[in-house]
Amino acid sequence: MFAKPVPGRTTADAEGDVVVLLIGVRVNHFWAVHQWLPVMLSMFRMLGELARDSTRGLLGHVLLTASPRTYYVVQYWESKEKLYAYASSPDMFHHKVWAIINRKEKAGKVRGHVGLWHESYVVPEGSYEAIYADMPAFGLAAAHGQVPVEKRGRRAKDRFAYRSQT
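Residues numbered from 1 in each chain as written. Predicted model: local features only at pLDDT ≥ 70, side-chain atom pairs only at ≥ 80, totals over all residues. Heavy atoms only, no water.

Q: Explain the side chain of threonine 70 residue by residue, including any values.
A: Along the chain, the position of threonine 70 falls in strand E4 (residues 70-77). On the accessibility criterion, threonine 70 (14% relative accessible area) is buried. With near-sequence residues (within four places) excluded, threonine 70 lies in contact with Val25, Arg26, Thr65 and Trp117. (Helix = DSSP H or I, 4+ residues; strand = E, 2+ residues; numbered from the N terminus. Buried < 20%, exposed > 50% of the residue type's maximum accessible area, 1.4 Å probe, protein only. Contact = heavy atoms within 4.5 Å.)

Q: I'd like to hear about a nonpolar patch on the surface, residue by residue, with values.
A: A contiguous nonpolar patch, built from Val33, Leu37, Leu41, Phe44 and Leu63 and spanning about 440 Å² of accessible area, is present on the exposed surface. Tallying contributions element by element places helix H1 (residues 33-52) first for the nonpolar patch, with four residues. Relative to the elements of secondary structure, valine 33 occurs in helix H1. (Patch = residues over 30% accessible without salt bridge, like charges linked within 9 Å, V, L, I, M, F, W, Y side chains within 5 Å. Areas by Shrake-Rupley, 256 points an atom, 1.4 Å probe, with all protein chains shown as cover. Salt bridge = Lys/Arg side-chain N within 4 Å of Asp/Glu carboxyl O.)

Q: Describe the sheet that holds strand E6 (residues 132-135), naming the residues involved and giving the relevant values.
A: With antiparallel pairing, three strands are arranged side by side in an open sheet as E6-E1-E7. Strands at the two margins of the open sheet, each flanked by one partner only, are E6 and strand E7 (146-148). Neighbour-to-neighbour, the strand axes of the sheet open up by a mean angle of 55 degrees, direction not taken into account. Bridge count between strand E1 (residues 6-12) and E7: three bridges; the pairing is antiparallel. Bridge pairing in E7 links threonine 10 to proline 148. (Pairing = 2+ DSSP bridges. Axes fitted to C-alpha atoms, helices over the stretch in contact; angles between N-to-C directions.)

By themselves, these observations are geometric and do not establish any function.
Shown next, in the form of structure tokens:
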């Protein structure tokens, strides 16, 4: 469960475009546990669903908090097509959850107790770089693999300039 740090400096072994999804919840009213707890549990259920089927395209994720009210997941995806396919697949839990939310909204039953948000990014090669010092694989490196920093360049500008052979 607890990964050992990799000594020295490393970088992510990502090649090509990187697809990142930030998705989260904001608790607007702490006392409305019956409203926000199911939403948070749904996030974990979706992550479990994706973990059980690696062909869906989720490469890795990191759970984070921005405040006592806001919790989110940084997700790294194989492609935007796989992200779209998961989000819109009728047999996946995400589709079922959004159907419930849409029905509640249409019926005027959304009370604003919990906020939902997401941001998606397709980051072209040459527009990202990473460095980790005495860290286990984390974030982009956990999703794409971790290599010694010398493979991509010791300085950020060298890592930005790296181009894969594909």
